[in-house]
Amino acid sequence: MPQDHHDHLSPSGHPYRPDDDHPLTYWQQMEIAVRELLIEKGVTTAKEIAGQIDAMDARSPANGAAVVARAWTDPTFRDALLADASAATRDMGFDIGPMRLIALENTETEHNVVVCTLCSCYPRNLLGLPPDWYKSRAYRARTVKEPRKVLAEFGVTLPDSTTVRVHDSTADMRYVVIPARPAGTEGWGADDLAQLVTRDSMIGTGLPKSPDAA
Amino acid sequence: MRVRADMPPGHVRTPAYLRGKRGWVERPLGPFPNPEQLAYGNAAEPLPLLRLRFSMAEVWGEATDTPNDTIDAEIYSHWLEPAEAPNAPRSSRPPVAIRPPLPP
């Protein structure tokens, strides 16, 4: 019937997607209640909360890429980064706050990969918000048990001569991987090198882009 | 070092899969407030926090294909008891001073 046609099909002739409305969950209600109470009591303001969300969204893996590219081009900075990553990155304007940062350098014989089996600890000051898969039970459970299989699914296949070092971010440290500098980038400046540094290469589940692909 | 094999209730930041396993100290990290007290809003005692390194062989036994790969984790000192770790490199052998466990 024509009436059915109007109700169920879009002008393009495809069915409308059903709405995905659902009632608030317990924790969503809790968040709204606590937020409104904090605002009513003058502890914080809606503007401050929106500003904090903006600040979180503004952090991106570009911060981490700048750190990695500098470590590749500035040996003094690289040494300082490996000795005290919190201080070295703070000097670049990427303060990690009360947490402490450890930089893990990939070499020909060692590959580092980061996971948080207890929750989703992540160096947000350098990489922004974690990807959904980083918080998944599958990634958290499998990375500590069969890291090479997980890495292979990300497209990273390592020779037996490379030792895989898994880092479980269980407490007060946060971790960033310094991937190995790609071959064929001799003479490149830090800004160009940073374009090769991917988010996953700083988690350890990826490698930097090759200079041919850039 | 061996991670205590206990399963206490409450907020604990010692992964269950490492309890009872032997590792060696990768590096000490300094004192950090005890999360088991912090989580309940109590005054939290600063405890030495250590990065321990475990071999895959120690953690997963026969279930791992790559026994020489490693897992590092941060463990608070009250979860550790003295033990020789299998596969520990010689350089890690000098013992690190650890505060003895608190009385129950």
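Numbering of residues begins from 1 in every chain and follows the order in which that chain's sequence is written. Going through the entries in the order they are written, you letter the chains from A and number the ligands from 1. Only residues with pLDDT of at least 70 get local features here, since the model is predicted, and only at 80 or more are side-chain atom pairs given and counted; chain-wide, interface and lining totals rely on the full set of residues.

## Some details on the overall build of chain A
In this description a helix means any DSSP run of H or I spanning at least four residues, a strand means any run of E spanning at least two, and both kinds are numbered starting from the N terminus. Regarding its fold elements, chain A presents twelve helices and four strands. Throughout, radius of gyration means the C-alpha value; the globule benchmark is 2.2 Å times the number of residues raised to the power 0.38. In terms of C-alpha radius of gyration, chain A reaches 22 Å, well past the compact-globule figure of 17 Å for 214 residues. For the exposure call, what matters is how many other C-beta atoms sit within 10 Å of a residue's own: 20 or more marks it buried, 12 or fewer exposed, and in between partly exposed, using C-beta atoms placed from the backbone. Taken over 214 residues, chain A has a buried fraction of 31%. The contact criterion used here is simple: two residues whose C-beta atoms, placed from the backbone, lie within 7 Å are in contact. Put simply, of all contacts in chain A between residues at least 6 apart along the chain, 67% involve residues at least 24 apart.

## Considerations on the overall build of chain B
In terms of regular secondary structure, chain B is built from two helices and five strands. Written out in order from the N terminus, the α and β elements of chain B read β-β-α-β-α-β-β. Within the span of chain B, comprising 104 residues, buried residues form 35% of the whole.

## A short note on helix α2 (residues 26-40) of chain A
Residues and elements named next belong to chain A. Taking 1.5 Å per residue as the helical rise, α2 with its 15 residues ought to reach 21 Å, and the 21 Å between its terminal C-alpha atoms agrees with that figure. Of all 15 residues in α2, zero are buried, a share of ten percent or less. The first or second residue beyond α2 is glycine 42, which carries a positive phi of 80°. In a helix, the anticipated span is given by 1.5 Å times the number of residues less one.

## What about the sheet that holds strand β2 (residues 24-33) of chain B?
With mixed pairing, the five strands of this open sheet are ordered in space as β2(A)-β3(A)-β4(B)-β3(B)-β2(B). At either end of the open sheet lies a strand with only one pairing partner, and these are β2 (110-115) of chain A together with β2 of chain B. Strand-to-strand twist across the sheet, computed as the mean angle between neighbouring axes with direction ignored, equals 20°. Strands pair, by our definition, only if DSSP identifies at least two bridges between them. As a rule, the C-alpha atoms of each element are fitted with a line to give its axis, helices using only the stretch in contact, and angles between N-to-C directions run from 0 to 180 degrees.

## Structural notes on the domain arrangement of chain A
Residue ranges for the domains originate in an automatic or database domain assignment. Each assigned domain of chain A is listed here: domain 1 (25-58) and domain 2 (60-203). For domain 1 of chain A versus domain 2 of chain A, the separation of C-alpha centres amounts to 31 Å.

## Some thoughts on the confidence of the model for chain B
The predicted model of chain B has a mean per-residue pLDDT of 89, with 87% of residues at 70 or higher. In the predicted complex, the global pTM is 0.86; the interface-specific ipTM is 0.87. For every residue, the predictor assigns a confidence score, pLDDT, that lies between 0 and 100.

## Topic: the interface of chain B and chain A
With 16 residues of chain B at the interface, the matching set in chain A holds 16 residues. Sorting the residues of the side of chain B that touches chain A by element identifies β2 and β4 (70-76) of chain B as the ones contributing at least two each. For the side of chain B that touches chain A, the residue count by class is nine nonpolar, three polar and four charged. Polar here means any residue other than Ala, Val, Leu, Ile, Met, Phe, Trp, Tyr, Cys and Pro, which are nonpolar, and Asp, Glu, Lys and Arg, which are charged; Gly is therefore polar.

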